Amino acid sequence: MTLTVVFGTISGLLTIYFILHLALKRTRMEKYLIPTLAIGGLLFLIIEFPLRMPSPKYKRRSEIALNLAQKAPDSMLMGGYWETYVFAALQPANTMTALPLEGRYVRMPWTPAMLRDANQIVIEYRESRFANADALPRQLEQYGTSLRLVDPKFYEYGEYSFALYLKETK
């Protein structure tokens, strides 16, 4: 859609220019009207263009992501699709690896195999509707790896709750 937006906008502006050019071709105003309209349009955009303001959701999610990265570096982050990829993307590079819970869409197909090598797994359970704090499973099987619950209230912030699991050693 990017190409459509770019070329559609450019063709629309060129169409307006050619219509004005044809309408004013034989008048003395053509020399002054098109540059005046262009400057007026530019001024309108400068005045009316919205200011850049970060979303409150973005600020909250960035704070959560950084806190998780500090509390559990080099661990796996599991949960719903959005909870995993958004928080992992907002963290410094190579901090946590995102992996949605089993049965949900996995964007990076090599990450389920990485779960076997991970020691700590942080699972977002409230927003992803995996469970609530009272119903978190003590033992969990994900992608062929057994996990054991260590801290059901590992980190909480607003509507997000995270539990800490460790990989079961056999």
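Here the structure is shown first, and the text comes after it.
Residues numbered from 1 in each chain as written. Predicted model: local features only at pLDDT ≥ 70, side-chain atom pairs only at ≥ 80, totals over all residues. Heavy atoms only, no water.

### Considering the side chain of glutamine 91
1) Next: As for its placement among the helices and strands, glutamine 91 is situated in the loop between α4 (81-89) and β2 (96-100).
2) Next: Among the polar contacts listed, one links the side chain of glutamine 91 to the backbone nitrogen of methionine 96, at a separation of 3.4 Å.
3) Next: Excluding anything up to four places from it in sequence, glutamine 91 contacts Ala65, Leu68, Ala69 and Met96. (Helix = DSSP H or I, 4+ residues; strand = E, 2+ residues; numbered from the N terminus. Polar contact = N/O pair within 3.5 Å; in protein donor to acceptor, adjacent residues only side chain to side chain. Contact = heavy atoms within 4.5 Å.)

### Focus: the sheet that holds β2
1) Next: Spatial strand order, β2-β1-β3-β6-β5-β4: six strands in an open sheet with mixed pairing. Each edge of the open sheet is held by one strand with a lone partner, namely β2 and β4 (139-142). When the angles between neighbouring strand axes are averaged without regard to direction, this sheet yields 35 degrees.
2) Next: Relative to strand β6 (residues 160-167), strand β3 (residues 120-124) is paired through five bridges, and the arrangement is antiparallel. From the neighbouring strand, valine 122 faces β6, where its bridge partner is leucine 164.
3) Next: In the packing of helix α3 (residues 56-71) onto the sheet, the strands contacted are β1 (75-79), β2, β3, β5 (145-157) and β6, and the crossing angle to β5 comes to about 130 degrees. (Pairing = 2+ DSSP bridges. Axes fitted to C-alpha atoms, helices over the stretch in contact; angles between N-to-C directions.)

By themselves, these are just geometric observations and shouldn't be taken as functional.
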